[in-house]
Amino acid sequence: KKTGPSLICLVLGLTCIALLPVWMNYDIISMDGAFQYVPSAALFLQGDFWGALARPQLPLFPFLMASLSWVTGADLELSGRLISAASFIIACLGLFKLSELLFQNRWIALISVVFLISNRELLGRSVDCLKESLQICFVIWGNYYILRGIDREDTRRKTHISLGTLLLILGTLVRTTTAFFLLA
């Protein structure tokens, strides 16, 4: 069965509603955001790729921040916050799809999303300039596509497994602990 657009809109709406109060009550950028990601993103934005890559954290999140800032003109902190929030929203949709695939039950899939959006720590990190939501997004969608590929019998099987593996590899550019999912 295919998930209808109304159910997808419900998941996206619930996720946005959960993020809204946390976004509105955001206070100050985290230490990691201010001293790790924003300076690296600034180097990417200035074109100093080698300098940005030489910094002591993985490059994907700061690179995405710099790219969004370059495209929109938004400052680097806001770009990081937008990436975190968008990643959380996409991760919730992925969790719904993954749970639906595993359990073949839309109610269980909706309940899993409710559990994710009720996690205060993750909600707080998802409106700050932090990479955790992006990592979770890659892990959930990577696992979804790998399991979807395993579940298929047709020619798209290898495509799904390859896409899932690629997403997990990209996740290791956000945080190396994502490699555990690749090994599993």
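For the structure, check the block above.
Residues numbered from 1 in each chain as written. Predicted model: local features only at pLDDT ≥ 70, side-chain atom pairs only at ≥ 80, totals over all residues. Heavy atoms only, no water.

Asker: Explanation requested: the overall build of the protein chain in the structure shown.
Answerer: Per the secondary structure count, the protein chain includes ten helices and zero strands. The N-to-C order of helical and strand elements in the protein chain reads α-α-α-α-α-α-α-α-α-α. In terms of C-alpha radius of gyration, the protein chain reaches 17 Å, essentially the compact-globule figure of 16 Å for 184 residues. Across its three principal directions, the C-alpha atoms of the protein chain cover 45 × 35 × 25 Å. Here the protein chain holds 184 residues, and the buried ones make up 44% of them. (Helix = DSSP H or I, 4+ residues; strand = E, 2+ residues; numbered from the N terminus. Rg over C-alpha atoms; globule rule 2.2 N^0.38 Å. Buried < 20%, exposed > 50% of the residue type's maximum accessible area, 1.4 Å probe, protein only.)

Asker: Even after reading the chapter, I still don't get the packing of helix α5 (residues 76–103) against helix α8 (residues 132–151), so can you show me in this structure?
Answerer: Each pair of packed helices can be described by the angle between their axes along with the distance between the axes. Two elements in contact, α5 and α8, have axes separated by 8 Å at closest approach and are oriented at 25°. In terms of orientation, α5 and α8 fall into the roughly parallel class. For the element pair α5 and α8, the recorded crossing hand is left-handed. The residues of α8 that touch α5, namely those facing Ser84, Ser87, Phe88, Ile90, Ala91, Leu93, Gly94, Leu95, Lys97, Leu98, Leu101 and Leu102, are Ser133, Leu134, Ile136, Cys137, Ile140, Trp141, Asn143, Tyr144, Leu147, Arg148 and Asp151. Tallied by class, residues from the contact of α5 with α8 come to 15 nonpolar, five polar and three charged. (Axes fitted to C-alpha atoms, helices over the stretch in contact; angles between N-to-C directions. Parallel < 35°, antiparallel > 145°, perpendicular 65-115°, else oblique. Left-handed = near helix turned anticlockwise from the far one by under 90°. Contact = heavy atoms within 4.5 Å. Nonpolar A, V, L, I, M, F, W, Y, C, P; charged D, E, K, R; others polar.)

Asker: Any chance you could explain the packing of aromatic side chains here in plain terms?
Answerer: We describe a pair of aromatic rings using the distance from one ring centre to the other and the angle between the two ring planes. In total, this model carries six aromatic pairs according to the counting rule given. Centre to centre, the rings of phenylalanine 44 and phenylalanine 49 are 5.5 Å apart; their planes meet at 65°, and the pair counts as edge-to-face. Three or more aromatic residues joined by ring pairs form one cluster here, namely Phe44, Phe49 and Phe63. Positioned over the ring face of tryptophan 23 is arginine 81, at 3.9 Å from the centre of the ring. Over the aromatic face of tyrosine 26 sits the side chain of arginine 81, whose NZ or CZ is 3.6 Å from the ring centroid. (Phe/Tyr/Trp six-rings, centres within 6.5 Å; stacked < 30°, edge-to-face > 60°. Lys NZ or Arg CZ within 6 Å of the ring centre and 35° of its normal.)

Asker: Looking at this structure, how should I read the side chain of serine 30?
Answerer: Relative to the elements of secondary structure, serine 30 occurs in the loop between α1 (5–24) and α2 (31–46). Within the structure, serine 30 has its side chain in polar contact with the backbone nitrogen of glycine 33 (distance 3.2 Å). (Polar contact = N/O pair within 3.5 Å; in protein donor to acceptor, adjacent residues only side chain to side chain.)

Asker: Just checking my understanding: could you explain the nonpolar core for this structure?
Answerer: General note: in soluble globular proteins, nonpolar side chains tend to be found buried as a group. Of all hydrophobic cores here, the largest spans 45 residues; its most connected members are Leu19, Phe61, Met65, Phe88 and Phe96. Secondary structure elements with two or more residues in this core: α1, α2, α4 (60–72), α5, α6 (106–117), α7 (120–125) and α8. The biggest single contributor to this core is α5, with twelve residues. Setting aside residues no more than four positions away along its own chain, phenylalanine 96 makes contact with Thr3, Leu7, Val11, Arg106, Ala109, Leu110 and Val113. (Core = buried A, V, L, I, M, F, W, Y, C linked by side-chain atoms within 4.5 Å.)

Asker: Could you clarify how one ought to interpret α6 in this entry?
Answerer: Every α-helical turn comprises 3.6 residues, leaving residues that sit three or four positions apart pointing alike. Between its first and last C-alpha, α6 extends 17 Å over twelve residues, near the 16 Å set by a 1.5 Å rise per residue. Contacts from the buried residues of α6 go to α1, α5 and α7. With a side-chain oxygen lying 2.8 Å from the backbone nitrogen of tryptophan 107, the N-terminal cap of α6 falls on asparagine 105. (Expected span 1.5 Å × (residues − 1).)

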